[in-house]
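Structural overview for review
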Amino acid sequence: MSALPLPAAPTSSPVPQPPVLPGGLTLPVGRTAIMGILNVTPDSFSDGGRYTDVAAALRHAREMVAAGADIIDVGGESTRPNSTRISADEEWARICTIVESLATDGVIVSVDTLHASTAREAARAGAAIINDVSGGRWDPEMNAAVAQSGCAYVVQHYRALPGMPGEHFDYGDDLVGTLIERVGSQVQDAIDAGVTADKIVVDPGLGFSLTGDQCWQILRELPRFAQGGYPVLVGASRKRFVKALEGDVDANSADIAAYCAAAGAWAVRVHDVAATVAAIARKENDVD
């Protein structure tokens, strides 16, 4: 942890209650959940093209579950810088069999999508969480679609997708305070559309309209962000500000996830599940 621009030993914070899921599904209580990333895309920034084949995607998902993932987050459209937007129909065609198969197996499935129609289809197929990196701002029907689905809802802070017009990095003198205010507005819009508060998770959106230095500042002030009353999901894994560090990107990503767990994150979104499980265990032993 000493190589990271973070406090060496954040104070261990209680983990908030998980969001309420549909269909009687439950998530672990009292520890940080691990969300394994499954990109079913040809162009994602770190693993694009590796899991476009359904059999390969399902195999990798089950490997992540065996390694300790509590949730599998399935994405069919990349949001990397300057990525190409696709239709909701194409997105759902990429992920439908995977979502259905994993949900049938009892896996808690999150679907990473900007599209309300994909959210509706995913819920019908058994997904339990909708993870919208625009937090309801891209598709004006998203908040209502999630409310009607009964799924839990990850509301990420949003200005623009990376590399798009509208992306800018000015948050005034109080970055974290501004993020809390902005994501709070997004959460209120979701609640006004009928999403119940016990289903909402918030995400600061590391790498989205945020510089590397700003991402590190958010991590350092994560306990403050986590005091907003909603469980917090953090996704730092393999992002540009992590790749800029010396050393192995997955090892650094795992150490950041362990820091977030100690700082009160409800869940961490990661590529390397096994390394993250090990890093969190080491961190807990250090605190003990």
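What this report covers is the structure whose coordinates are included nearby. (Residues numbered from 1 in each chain as written. Predicted model: local features only at pLDDT ≥ 70, side-chain atom pairs only at ≥ 80, totals over all residues. Heavy atoms only, no water.)

1. What to know about the overall build of the protein chain
Scanning the protein chain from N- to C-terminus turns up ten helices and eight strands. By its C-alpha atoms, the protein chain is 45 × 40 × 35 Å across when sized along the principal axes. Buried positions account for 55% of the 288 residues belonging to the protein chain. Sequence-distant contacts, at least 24 apart, represent 68% of the contacts inside the protein chain between residues at least 6 apart. Within the protein chain, one finds 22 positive and 36 negative side-chain charges whose respective centroids are separated by 2 Å. (Helix = DSSP H or I, 4+ residues; strand = E, 2+ residues; numbered from the N terminus. Buried < 20%, exposed > 50% of the residue type's maximum accessible area, 1.4 Å probe, protein only. Contact = heavy atoms within 4.5 Å. Lys, Arg positive; Asp, Glu negative; His and termini not counted. Charge placed at Lys NZ, Arg CZ, Asp CG, Glu CD.)

2. Digging into the pairing of strand 8 (residues 267-270)
By the alternation rule, side chains of strand 8 split into A267 and R269 and V268 and V270, which are all buried. Two strands pair when backbone bridges link them, and strand 1 (residues 33-39) and strand 8 are joined in this way by four bridges, in the parallel orientation. Within strand 8, the residue paired with M35 across the bridge is R269. Two elements, strand 7 (residues 233-234) and strand 8, share two bridges in a ladder whose sense is parallel. (Pairing = 2+ DSSP bridges.)

3. Examining the sheet that holds strand 6 (residues 200-203)
Taken in spatial order, the eight strands make up an open sheet running 6-5-4-3-2-1-8-7, and their pairing is parallel. Each edge of the sheet is formed by a strand with only one pairing partner; in this case those strands are strand 6 and strand 7. Of the pairings in the sheet, the one linking strand 2 (residues 71-75) to strand 3 (residues 109-112) comprises four bridges and is parallel in character. Bridge pairing in strand 3 places G75 opposite D112. Contacts from helix 4 (residues 142-149) reach strand 4 (129-132) and strand 5 (152-156), with the element oriented near 155° to strand 5. (Axes fitted to C-alpha atoms, helices over the stretch in contact; angles between N-to-C directions.)

4. So, the pairing of strand 3
Across the two faces of strand 3 the burial is the same, with V109 and V111 and S110 and D112 all buried. Sheet topology note: the strand 3/strand 4 ladder contains three bridges and is parallel. Within strand 4, the residue paired with D112 across the bridge is N131. In this view, the connection linking strand 3 to its parallel neighbour strand 4 by way of helix 3 (residues 116-125) has right-handed handedness. (Right-handed = clockwise from strand over helix to strand, strands pointing away.)

5. Description of the pattern of salt bridges
Counted under the stated rule, the structure contains twelve salt bridges. A salt bridge links R269 to D112; the shortest N-O distance between them is 3.2 Å. Note that R269 is positioned in strand 8 and D112 in strand 3, a separation of 157 residues in sequence. Note on R269: relative accessible area 16%, which makes it buried. Taking the relative accessible area as the measure of exposure, D112 reaches 10% and is therefore buried. (Salt bridge = Lys/Arg side-chain N within 4 Å of Asp/Glu carboxyl O.)

6. Here's the deal with the environment of R159
Locating R159 in the fold gives a position in the loop between strand 5 and helix 5 (175-192). R159 gets classed as buried once you look at its relative accessible area, which sits at 17%. Considering only alpha carbons, one finds R159 and N143, 16 residues apart in sequence, at a separation of 17 Å. With residues up to four places along the chain from it excluded, the contact list for R159 reads G166, H168, F169, D170, Y171, R182 and S209. In this structure the side chain of R159 is engaged in a polar contact, spanning 3.0 Å, whose partner is the backbone oxygen of H168. Reaching out from R159, the side chain makes a polar contact with the backbone oxygen of D170 at a distance of 2.8 Å. (Polar contact = N/O pair within 3.5 Å; in protein donor to acceptor, adjacent residues only side chain to side chain.)

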